[in-house]
Amino acid sequence: MRFLKLFFILFFISSTLLANEKIKEVSLQLLWKHQFEFAGFYMAKEKGFYKDFGLDVSFKEYEIDLDISKEVESGKSEFGIGYSGIILDKLQGRDIKLLNAIYQSSPHVLVSLESSGIQSIKDFQGKRISMTNSHSKTANIKSMIYSHNVTLDEMTKVPYSYDIGQLIDKKVDITSVYLSNEIFQLEKKNIPYKIWDPKDYGFSFYDNILFTSTKLTQEEPELIKNFQKASLMGWEYALNNIDQTVQIILEKYNTQNKSKEALEYEAKELKKLAYYDTATIGKIEESKIQRIIDIYNLIGLVKNKAHIDEFIYNPNSKINLSRIEKEYLENKPFITMCIDPHWMPLEGLQERKHIGLSSDYFEIFKKKLEKDIKVISTTSWDQSLQFAQEGKCEIVSLAMETPKRKEFLNFTTPYLNIPLVIATKNDLNFISDFKTIKGEKLAITRGYAFKEILEKKYPYLTIVEVDNIQQGLEKVKNGEFFGYLGALATIGHMLQTHFQTELKIAGKFDEKWELSVGVQKDDTVLLSIMEKLIQSIDTAQSQELLNKWLAVKYEQTVDYQFLWQILTLVMVIIFLFIYRQYILYRSNQELQKQVELKTKELTQLNKNLEQKVEDAIAQIRQKDNILYEQSKLAAMGEMIGNISHQWRQPLSIISTASSGVKLKIELDMFDKNDDMKALDAITDATVYLSETIDDFRNFLRPDQEQVPFAIQTVFDKILSMFGNNFATNNITIIQNIKDSKVVGNKNELLQVIINILNNSKDAFLETKTKDQRYIFIDSHSLQDHCVINIYDTAGGMDQEILPHIFDPYFTTKHQSVGTGIGLYMSYEIIRNKFGGNILASNTTYTYKNITYTGAKFEIILPLF
């Protein structure tokens with residue numbers, strides 16, 4: 001017995017020691033004292049996200065005059081948080097790597113009192129200004145000041161006191177502050193002030209940039225990956241659970257003794273900046289870093305040439321090749337590749353140049369291999385396959401595995417999965433499966449894998465090959481074929497560009513294009529290399545490429561690099577003009593004519609650019625309308641099911657009453673009073689059927705009228721139209737609606753709510769549990785907004801997919817039921833039609849003493 005006790009004690013001690021050995025202690029150097037500014041890191045620790053990744057993270061508060069980049073570079077702290085000035089440190093030689101930008105737009109601003117009389121940045125000249133050394137290096141503030149031909153040297157610098165009292169007591173005229181901190185103090189004291197925000201002048205740059213040393217990225221890449229992932233999970237949690245986060249800061253991290261009100265104000269302001277122009281927390285892009293570098297160069301702070309690829313840490317920049325693979329590539333001047341020349345937006349040839357989605361993938365592959373991949377020009381997909389069979393090309397960019405192709409090709413893991421759809425004329429009904437089109441004549445591009453697959457699986461289909469997708473769709477339009485079979489992305493692209501009014505996507509099937517890289521059968525080394533390239537592309541990078549080619553977006557931003565190039569060009573022209581005037585003053589009149597001509601050309605160019613922008617906006621709106629209509633049409637099948645639920649009871653009443661009256665007449669038992677009641681019941685049921693038809697007709701009516709309406713009426717209509725469907729699936733909807741009015745199209749809001757409720761219903765059906773199925777709906781007014789919260793008990797969504805659920809074509813449902821446009825269109829409707837916002841998260845709550853976890857959607861709408 002004693003032996004057993006001793007054994008268990010030793011086992012426990014050894015297990016504990018082993019567990020402790022797996023925990024890695026790291027530190028994060030903050031750029032200020034504890035406050036909500038760093039909330040995401042606190043919550044990653046408090047919620048156990050760091051621990052789950054084997055990390056024990058400690059936080060170091062900022063000390064005055066501490067050099068944060070030096071602290072990290074020297075290894076005293078593994079990670080640090082820096083202002084945009086950290087980029088200047090990198091330019092000046094610090095060996096660091098940027099990981100994530102927590103705030104997409106900086107909270108750093110300048111502030112002056114209304115009583116100072118400062119009305120413009122020009123008025124800064126000669127004024128007293130107080131800034132820290134790090135604040136004075138931030139690109140956004142320097143850019144704002146320098147863009148008005150004012151420099152810090154033209155102002156009187158006053159030592160920074162880290163106290164807004166310096167400004168209130170009028171010891172300085174201007175001071176640098178955080179939008180989320182000192183402005184709150186001025187508000188509380190009712191002191192009139194004026195904010196000088198760089199983003200109001202076109203200078204919106206990153207802030208609170210997470211970084212580490214280059215040495216650590218080389219020695220411990222797994223540590224970097226785990227710290228990033230856990231930190232971003234913490235930020236997602238903190239910004240979606242502000243009340244809980246504020247409470248934890250008050251209890252554990254409130255070294256500044258901030259009030260709860262001050263922390264809540266800080267949280268509200270910083271959440272706006274974290275999601276400024278993005279739905280992804282921690283996003284960092286080379287283009288925006290390059291813009292900051294350009295600013296530093298223009299204002300003369302840096303003269304060294306910067307290589308942008310050295311700034312942001314990218315673990316997938318290269319792949320680990322074996323000795324045999326390296327020798328293989330060294331002995332090969334380039335790799336030859338065949339593509340489908342007519343399969344946009346997936347891929348195509350334009351003036352012998354590879355374009356489309358696959359071209360972006362292979363540009364990444366070429367950089368990782370540092371080896372050229374040459375495209376062999378072909379006129380059709382059939383010819384590309386023939387070239388591959390003859391060995392004229394070593395790889396095929398996008399190919400689906402079939403038994404015939406396996407005779408001459410090997411295949412990597414699929415890196416694209418595109419649904420199989422059918423395009424038909426607009427007047428045809430929705431096609432749910434292949435049985436409904438038995439005997440119809442269908443077209444498919446010659447050489448496509450699905451001809452072989454579908455003929456084997458559905459021998460009753462009549463499939464005819466055509467040269468390319470455009471020819472196939474033309475023949476469908478002319479009535480030669482019932483429909484064309486192809487990929488959702490390529491057919492959607494062709495319909496938007498060539499057949500908008502004549503054809504439509506009439507059905508989506510379970511089958512999908514699982515597209516891989518095809519490699520010559522006997523070349524196993526090249527197959528291994530291509531597989532490693534495929535595996536090096538992460539989910540976020542893949543989704544970014546898909547969004548680029550499968551959704552049209554209009555970036556309403558200013559290209560400052562281009563602006564500076566134009567300004568430089570104008571300055572050169574002015575210089576040449578003055579120089580020529582000095583040398584050849586007699587030619588003044590001729591030069592004046594040339595300047596006027598150039599001015600007219602620039603004016604015309606500006607008009608042309610404006611027209612192109614207007615055309616692009618119109619095209620985007622048209623495509624969004626197509627997606628909107630497709631979203632409604634995809635819901636029609638479910639509508640019909642809901643109508644059947646609504647009609648079942650009244651039809652039963654009509655049948656029963658009429659049968660009863662008939663039977664009484666046949667048996668000569670006619671009773672006027674009883675039969676009049678039966679006839680009244682039939683009349684009431686008929687009226688109810690008519691009202692139901694009106695409800696569903698109104699839902700599908702393309703009415704764009706913007707009118708005030710009560711939120712309660714939307715939920716009443718939803719329960720009237722769809723309540724039975726949810727009840728049939730044992731789903732209870734619990735409402736807590738505090739009624740308020742908003743302005744917009746009621747049917748559009750109705751569609752958004754139905755999309756969210758249907759997502760909850762689908763989640764319940766996937767879990768297959770029949771008890772404790774609740775959907776909670778509550779609404780309340782917050783200042784000048786109406787807030788609608790919809791949450792369920794279905795277990796919530798995967799954290800990895802949360803940032804992407806509003807992306808077009810992104811779906812986690814089965815291919816036969818999910819199109820990926822329902823939540824995307826809901827997002828577009830709320831943002832663009834109502835001027836509001838929609839957020840998604842997971843939430844945990846208690847109902848009737850039971851704790852549940854589920855998905856939560858928060859809709860914020862301006863009040864009427």
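The structure this text deals with has already been given above.
Residues numbered from 1 in each chain as written. Predicted model: local features only at pLDDT ≥ 70, side-chain atom pairs only at ≥ 80, totals over all residues. Heavy atoms only, no water.

**Quick notes on the pattern of salt bridges**
(1) Moving on: A complete count under the given rule lists 26 salt bridges for this structure.
(2) Moving on: For Glu261, the salt bridge identified is with Lys188, shortest N-O distance 3.1 Å. Within this pair, whereas Glu261 is found in helix α13 (residues 260-274), its partner Lys188 is found in helix α9 (residues 182-188), the two being separated by 73 residues in sequence.
(3) Moving on: Salt-bridge contacts for Glu465 lead to Arg446; the nearest nitrogen and oxygen are separated by 3.8 Å. Pair noted here: Glu465 is in strand β20 (residues 462-466) and Arg446 is in the loop between β19 (441-445) and α18 (449-457), with a separation of 19 residues, a long-range link.
(4) Moving on: Taking the relative accessible area as the measure of exposure, Glu465 reaches 29% and is therefore partly exposed. (Salt bridge = Lys/Arg side-chain N within 4 Å of Asp/Glu carboxyl O. Helix = DSSP H or I, 4+ residues; strand = E, 2+ residues; numbered from the N terminus. Buried < 20%, exposed > 50% of the residue type's maximum accessible area, 1.4 Å probe, protein only.)

**Focus: the sheet that holds strand β1 (residues 24-29)**
(1) Moving on: Strand order across the open sheet formed by five strands is β2-β1-β3-β10-β4, with mixed pairing between neighbours. The open sheet has two edge strands, β2 (55-60) and β4 (96-103), and neither has a second partner. Ignoring strand direction, the axes of neighbouring strands in this sheet form an average angle of 25°.
(2) Moving on: Taken together, the six bridges between β4 and strand β10 (residues 207-213) define a ladder with antiparallel strand orientation. Within β10, the position partnered with Ile96 by the bridge is Ser213.
(3) Moving on: Where helix α11 (residues 221-240) meets the sheet, it contacts β1, β2, β3 (79-82), β4 and β10, and its direction lies at approximately 10° from that of β4. (Pairing = 2+ DSSP bridges. Axes fitted to C-alpha atoms, helices over the stretch in contact; angles between N-to-C directions. Contact = heavy atoms within 4.5 Å.)

**Things to note about the state of the cysteines**
(1) Moving on: Per the counting criterion, the structure on display carries one disulfide.
(2) Moving on: A disulfide bridge connects Cys338 with Cys393, and the sulfur atoms are separated by 2.3 Å. Between Cys338 and Cys393 the sulfur-sulfur dihedral comes to about -105°; the bridge is accordingly left-handed. Of the two residues, Cys338 is situated in strand β11 (residues 334-338) and Cys393 in the loop between α17 (381-389) and β16 (395-400); the sequence distance between them amounts to 55 residues. Each member of the pair, Cys338 together with Cys393, is buried. (Disulfide = S-S within 2.5 Å.)

**Some details on the packing of helix α26 (residues 711-728) against helix α27 (residues 746-767)**
(1) Moving on: Interaxial distance between α26 and α27 falls to 10 Å at its minimum, and their mutual angle equals 40°. When the axis of α26 is compared with that of α27, the two are oblique. Seen along the crossing, α26 lies across α27 with a hand that is right-handed. Contacts between α26 and α27 involve Ile711, Thr713, Val714, Phe715, Lys717, Ile718, Met721, Phe722, Asn725 and Phe726 on the former and, on the latter, Lys746, Leu749, Leu750, Ile753, Ile754, Leu757, Asn758 and Lys761.
(2) Moving on: Classifying every residue of the contact of α26 with α27 gives twelve nonpolar, three polar and three charged. (Parallel < 35°, antiparallel > 145°, perpendicular 65-115°, else oblique. Left-handed = near helix turned anticlockwise from the far one by under 90°. Nonpolar A, V, L, I, M, F, W, Y, C, P; charged D, E, K, R; others polar.)

**Regarding the environment of Ile319**
(1) Moving on: Its location among the elements puts Ile319 in the loop between α14 (286-298) and α15 (323-330).
(2) Moving on: Residue Ile319 is classed as buried on the basis of its relative accessible area of 14%.
(3) Moving on: Between the alpha carbons of Ile319 and Leu369 there is a distance of 7.7 Å; along the sequence they are 50 residues apart.
(4) Moving on: Each residue touching Ile319, except ones within four places of it in the same chain, is listed here: Lys368, Leu369, Ile529, Lys532, Leu533 and Ser536.

**What to know about the sheet that holds strand β29 (residues 850-862)**
(1) Moving on: Spatially, the five strands line up as an open sheet ordered β24-β26-β27-β29-β28, and their pairing is mixed. Edge positions in the sheet fall to β24 (732-737) and β28 (837-847), since each of these pairs with one other strand and no more. The average undirected angle you get between the axes of adjacent strands in this sheet is 20°.
(2) Moving on: Examined bridge by bridge, strand β27 (residues 785-792) and β29 share seven bridges and lie antiparallel to one another. The partner of Val787 across the bridge, within β29, is Ile860.
(3) Moving on: On the sheet, α26 packs against β24, β26 (774-782), β27 and β29 and is oriented at approximately 175° with respect to β24.

**Notes on the packing of aromatic side chains**
(1) Moving on: By the definition in use, this model includes 33 aromatic pairs.
(2) Moving on: Between Phe184 and Tyr265, the ring centres sit 5.2 Å apart and the planes meet at 45°, which makes this aromatic pair tilted. Here Phe184, found in helix α9, pairs with Tyr265, found in helix α13; they are 81 residues apart in sequence, far enough to count as distant.
(3) Moving on: Residue classification places Phe184 among the buried positions, given a relative accessible area of 12%.
(4) Moving on: Plain terms: the ring middles of Tyr361 and Phe365 are 6.4 Å apart, the flat faces sit at 50° to each other, and that makes the pair tilted. In this pair, Tyr361 and Phe365 both sit in helix α16 (residues 357-369), four residues apart, roughly one turn of the helix. Each member of the pair, Tyr361 as well as Phe365, carries the same accessibility label: buried.
(5) Moving on: Taken together, Tyr774, Phe776, Tyr791, Tyr845, Tyr847 and Tyr852 form an aromatic cluster joined through their ring pairs.
(6) Moving on: Across from the ring centre of Phe311, 6.0 Å away, lies the NZ or CZ of Lys90, which sits over that ring.
(7) Moving on: We note Lys441 situated over the ring of Phe481; from NZ or CZ to the ring centre the distance is 5.1 Å. (Phe/Tyr/Trp six-rings, centres within 6.5 Å; stacked < 30°, edge-to-face > 60°. Lys NZ or Arg CZ within 6 Å of the ring centre and 35° of its normal.)

**Examining the packing of α15 against helix α21 (residues 524-536)**
In a pair of packed helices, the angle between the axes and the distance between the axes together describe the arrangement.
(1) Moving on: Running from N to C, α15 and α21 cross one another at 105°; their axes reach a closest spacing of 10 Å. Relative to α21, the element α15 lies roughly perpendicular. Two secondary-structure elements touch here, α15 through Ile324, Glu325, Tyr328 and Leu329 and α21 through Val525, Leu526, Ser528, Ile529 and Lys532.
(2) Moving on: Tallied by class, residues from the contact of α15 with α21 come to six nonpolar, one polar and two charged.

**Section: α13**
(1) Moving on: Taking 1.5 Å of rise per residue, the 15 residues of α13 would be expected to cover 21 Å, and the 21 Å separating its terminal C-alpha atoms lies within 8% of that figure.
(2) Moving on: Those residues of α13 lying buried are Ala262, Leu263, Glu266, Ala267, Glu269, Leu270, Lys271, Leu273 and Ala274.
(3) Moving on: If you follow the buried residues of α13, they end up packed against β4, α9, α11, α12 (242-253) and β28. (Expected span 1.5 Å × (residues − 1).)

**Things to note about the pairing of β26**
(1) Moving on: In terms of strand pairing, β24 meets β26 through six bridges, oriented parallel. Note that in β26 the partner of Asn736 across the bridge is Asp778.
(2) Moving on: Taking the residues between adjacent antiparallel strands as the criterion, β26 and β27 are bridged by two residues, where Gln783 takes a positive phi near 55°.

**Considerations on the side chain of Thr402**
(1) Moving on: Its place among the elements puts Thr402 in the loop between β16 and β17 (409-411).
(2) Moving on: Those residues within four positions of Thr402 in sequence are excluded, and the remaining contacts are Ala449, Glu452 and Ile453.

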